[in-house]
Amino acid sequence: VVSHSNSIYRGQLMSDSGFCRLQLFDASGAFKEIDRLVSLAGHFVSSNHYASKEISHDAHRLEKDRNAFASALAERTRILALASKFYVKSEDVST
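Presented here is a report on the structure given in the accompanying data block. (Residues numbered from 1 in each chain as written. Predicted model: local features only at pLDDT ≥ 70, side-chain atom pairs only at ≥ 80, totals over all residues. Heavy atoms only, no water.)

**Side note on the packing of aromatic side chains**
Turning to step 1, where the next piece is worked out: Applying the stated criterion across every chain yields a total of one aromatic pair.
Turning to step 2, where the next piece is worked out: Ring geometry for Phe-31 and Phe-69: centres 6.1 Å apart, planes at 65°, overall edge-to-face. With Phe-31 in helix H1 (residues 2-46) and Phe-69 in helix H2 (residues 52-94), the pair connects residues that are 38 residues apart, well separated along the chain. (Phe/Tyr/Trp six-rings, centres within 6.5 Å; stacked < 30°, edge-to-face > 60°. Helix = DSSP H or I, 4+ residues; strand = E, 2+ residues; numbered from the N terminus.)

Here is the structure:
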């Protein structure tokens, strides 16, 4: 019974890791949209839009925040993968 319960938990852990990969994939659509917005901001700035300074500032901040979020998401994914591998190896050792 204990090993059956552990295998269910193990499967859940693996599926949670897959969920994290799915979330990373979904985030790529947001990253593409941010890239589009930053590109559009560049066009406004290059055309000497009256709010070029503010647009440039906001676009830079958006890129900085996107990069920070991407780094945090990658780190979270890496840690979850390591935790999953650790759990699987510890299960193999205990059986």
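Don't stop here, the text continues.
**Remarks on the side chain of Ser-52**
Turning to step 1, where the next piece is worked out: Summarising the element assignment, Ser-52 is placed in helix H2.
Turning to step 2, where the next piece is worked out: Within polar-contact distance, the side chain of Ser-52 engages the backbone oxygen of His-49 at 2.6 Å.
Turning to step 3, where the next piece is worked out: Apart from the residues lying within four places of it in its own chain, the contact partners of Ser-52 are Phe-44 and Val-45. (Polar contact = N/O pair within 3.5 Å; in protein donor to acceptor, adjacent residues only side chain to side chain. Contact = heavy atoms within 4.5 Å.)

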